[in-house]
Amino acid sequence: MGIQLRGWLSHGLSVIAALAVATLAQAGDNAALIGNPASIAAEPATSTLIGPRTQQQLIVTAKYEGDLLRDLSRVCEFVSENPAVATVSAAGVITPKSNGTTNIVAKVAGKETKVAVTVKDMEKPAPVQFINHVTGVMSKAGCNAGACHGSPSGKNGFRLSLRGYDPPLDLETLTKEVFGRRTNRLTPDESLMLRKPVGKIPHEGGIRLSSNSVLYQLLRDWIAEGLHGDPEGTPQLQKLQIVPEKRVLTDPATSQQIVALGHFSDGSVRDVTPLAVFTSSNEEVGKVSESGLVEGNLAGEAAILVRYLDQISTAHVTFLKPNPDFVWTNPPENNYVDKHAFAKMKMLH
């Protein structure tokens, strides 16, 4: 027993030591990333959150000597001056709490910047919208992709329109087929639409949602609210804006948060990052997470395709790893193409 106990203690101490080393390494990496910025700025500079279903992801960008930029969103300290109006997560996501105004303060390297936040209409009903929310969730989870239920024949008797381009058909499919078993408004948690994607019952497509995610809660709320379609006057998506549209990052900056902003027909601008689908044109250069965080690997440029409902936009993120031995030979430019091609080659070393 004593030998076994000593073995456990030894293993436990090894784990603690490994965690301590990893923590110190992470702290060192963060310090190298932060460095000594000349200034910091947050995007968007102001934010209006309308109703309890909204949120806003912030991006904090630091500017350095030589006009170099770095995304410090993941290493900032965020503070709400009035948490009763809006709170902010460690990752910089603002959540509304009550009507009013406040400032979100981002602090790093002895510098700070403020984002003015207005919250309104928290007392008004905010039912889940079928197109803007439910269709968005199904696209994010891949349910209506061509390789899944969005194929012409569907999968296992369940067919959705490709990428949600036919909302009336999808509403009919989800609420009335197979005797309404896909969506059970009386006991929402028993709906096949919820049980399958979280793995509670076998699903050929595997686990697509987490039961504690915003996406799952939107689907559950829509079912519990009565499976309603969108009433006349529901705001329609007009444009998808990406922030930032272009960013060049030099080592040790190796990540960039992307935010998707939906511009709607009622004039509102909403953060649709949680519902947007992100893909990278070159995963060897930079991979992008479901939350829009681009992580660089090799030097080069990756186009990040962002899709929400029927709108598509692109952000270009370039990662540079300067080579101190690199010398540009300044080849002659023979035409317009050479001018731009050589400029890119010189930048990428």
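Residues numbered from 1 in each chain as written. Predicted model: local features only at pLDDT ≥ 70, side-chain atom pairs only at ≥ 80, totals over all residues. Heavy atoms only, no water.

### What to know about helix α3 (residues 167–176)
Buried within α3 are the following residues: Pro167, Asp170, Thr173, Leu174 and Thr175. Check the buried side of α3 and you find it contacts α2 (130–140), α4 (192–195) and α5 (214–224). (Buried < 20%, exposed > 50% of the residue type's maximum accessible area, 1.4 Å probe, protein only. Helix = DSSP H or I, 4+ residues; strand = E, 2+ residues; numbered from the N terminus. Contact = heavy atoms within 4.5 Å.)

### What to know about unusual backbone geometry
Each neighbour pair has its own omega, and for Glu43 with Pro44 the value is -10 degrees, a cis peptide bond. Of the consecutive residues Asp251 and Pro252, the connecting peptide bond is found in the cis state with omega at 15 degrees. Within the secondary structure, Pro252 is located in the loop between β12 (246–250) and β13 (255–257). Phi at Asp67 is positive, roughly 65 degrees, even though this residue is not glycine. Structurally, the position occupied by Asp67 is in the loop between β4 (59–63) and β5 (69–71). By relative accessible area, which is 55% here, Asp67 ends up exposed.

### Focus on the confidence of the model for the chain
When pLDDT is averaged along the chain, the result is 87; 91% of the residues meet or exceed 70. Segment residues 17–25: pLDDT under 50, and zero contacts once partners within four positions in sequence are set aside and those in other chains are kept. (pLDDT = per-residue confidence, 0-100.)

### Some points on the sheet that holds strand β3 (residues 56–57)
The strand order β3-β8-β7 describes an open sheet built from three strands, whose pairing is antiparallel. If you trace the sheet from one side to the other, it starts and ends with β3 and β7 (86–88), each paired once. Note that β3 and strand β8 (residues 93–96) share two bridges and pair antiparallel. Paired with Gln56 across the bridge in β8 is Ile94. (Pairing = 2+ DSSP bridges.)

### Regarding the layout of surface pockets
Taken as a whole, the largest pocket holds about 1000 Å³ of empty space. Taken together, 45 residues form the lining of the largest pocket, with Ile50, Arg53, Thr54, His133 and Arg270 sitting closest to its centre. For the lining of the largest pocket, the secondary-structure elements that each account for two or more residues are β2 (46–50), β8, α2, α5 and β15 (269–271). Here the element with the most residues in the lining of the largest pocket is α5; it accounts for six residues. Each residue belonging to the lining of the largest pocket can be placed in one class, and the counts come to 21 nonpolar, 14 polar and ten charged. (1 Å grid on protein atoms, 1.4 Å probe; cavity = no way out; pocket = protein on both sides within 12 Å on 5 of 7 lines; lining within 4 Å. Points joined across faces, edges and corners; volume = space filled by probe spheres on them. Nonpolar A, V, L, I, M, F, W, Y, C, P; charged D, E, K, R; others polar.)

### Some words on empty space enclosed by the protein
Applying the stated criterion to the full structure yields one cavity of 30 Å³ or more. Each pocket or cavity is described by its volume, and for the largest cavity that value is around 50 Å³. Mapped by element, the contributors of at least two residues to the lining of the largest cavity are β12 and β20 (311–320).

### Focus: the packing of α2 against α5
How two helices sit against one another is set out by the angle between their axes and by the gap between those axes. Relative orientation of the contacting elements α2 and α5 amounts to 130 degrees, with a least axis distance of 10 Å. Looking at the two axes, α2 sits oblique to α5. Every pair of crossing elements has a handedness; the one defined by α2 and α5 is left-handed. Together, Phe130, His133, Val134, Val137 and Lys140 of α2 and Leu215, Leu218, Leu219 and Trp222 of α5 make up the contact between the two elements. (Axes fitted to C-alpha atoms, helices over the stretch in contact; angles between N-to-C directions. Parallel < 35°, antiparallel > 145°, perpendicular 65-115°, else oblique. Left-handed = near helix turned anticlockwise from the far one by under 90°.)

### Some thoughts on the side chain of Ser255
The topology assignment puts Ser255 in strand β13. Apart from the residues within four sequence positions on either side, Ser255 is in contact with Asp71, Leu249, Leu293, Val294, Glu295 and Phe319.

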